[in-house]
Amino acid sequence: MQNILSHDGEAQYWKSAFSSLMCEKYYANLMNDINWKHDELTMFGKHVITKRKVAWYGDRPFAYKYSNKTKIAMLWTPGLNLIKEQIELISGHTYNSCLLNLYHNGEEGMGWHSDNEKQLKENGAIASVSFGAPRKFTLKHKTTNEKISLVLDSGSLLLMSGSIQKNWLHSLPLSKKIKAARINLTFRTII
């Protein structure tokens, strides 16, 4: 798999890591079996409850802090564990936790950020898996402002590794045209 970045990190994209049949199965399973909750965070000193929903799972009850809020991981569901095993086979990396995001439609997204929290393995791989509506995903270099965009299809895998989190920001832009939901799973390693 080829690196889609020209420098300062690695991003590899598999358009069809899962078949369309498996996508439908996992999408339904994740909608029903995950303990979804609205995300709460602090932005510019204000407490915010997001429209999107999130969940945090792992090998054990890891504490994960971002945006001044701490989440405690729930233990893997059988379905999440199957997805994790498949992603580990494809990516060649192992993961001990997963942050899940449920975007109900294109009016929910994510602003520019890096996944560089102190609890994460330095330069560790983050495997981003998508089920549901295809969504545009954009990377922006922190110094040069170079941008790279791609569409993350249902069943796809985007593997971000190396120094990407130090050098690049990423976002999920809003789009009023998208009416369907997307579930995103980001498998990562807590140290």
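Residues numbered from 1 in each chain as written. Predicted model: local features only at pLDDT ≥ 70, side-chain atom pairs only at ≥ 80, totals over all residues. Heavy atoms only, no water.

**Student:** So, the pairing of strand E2 (residues 37-43): which residues are in play, and what are the values?
**Tutor:** Strand direction decides the pairing type here: E2 and strand E3 (residues 46-58), joined by 6 bridges, are antiparallel. From the neighbouring strand, Leu41 faces E3, where its bridge partner is Val48. Following E2, the chain reverses through 2 residues before pairing antiparallel with E3; Phe44 in that reversal takes a positive phi of roughly 55°. (Pairing = 2+ DSSP bridges. Helix = DSSP H or I, 4+ residues; strand = E, 2+ residues; numbered from the N terminus.)

**Student:** Go over the confidence of the model for the protein chain with me, naming the residues and quoting the values.
**Tutor:** Taken over all residues, the pLDDT of the protein chain has a mean of 93, while the share at 70 or more is 99%. Across the protein chain, element-level confidence peaks in strand E10 (residues 135-141) with a mean pLDDT of 98 and bottoms out in strand E4 (residues 63-66) with 77. (pLDDT = per-residue confidence, 0-100.)

**Student:** Hey, could you go over the pattern of salt bridges for me, with residue numbers and the actual values?
**Tutor:** Here the idea is simple: oppositely charged side chains can pair when their charged atoms come close. One pass over the structure, following the stated rule, counts 6 salt bridges. One salt bridge connects Lys84 with Glu88, and the closest N-O pair in it is separated by 3.1 Å. Placement of both Lys84 and Glu88 in helix H2 (residues 78-91) is noted, with a separation of 4 residues, approximately one turn of the helix. Across the pair, exposure class does not vary: Lys84 and Glu88 are buried alike. (Salt bridge = Lys/Arg side-chain N within 4 Å of Asp/Glu carboxyl O. Buried < 20%, exposed > 50% of the residue type's maximum accessible area, 1.4 Å probe, protein only.)

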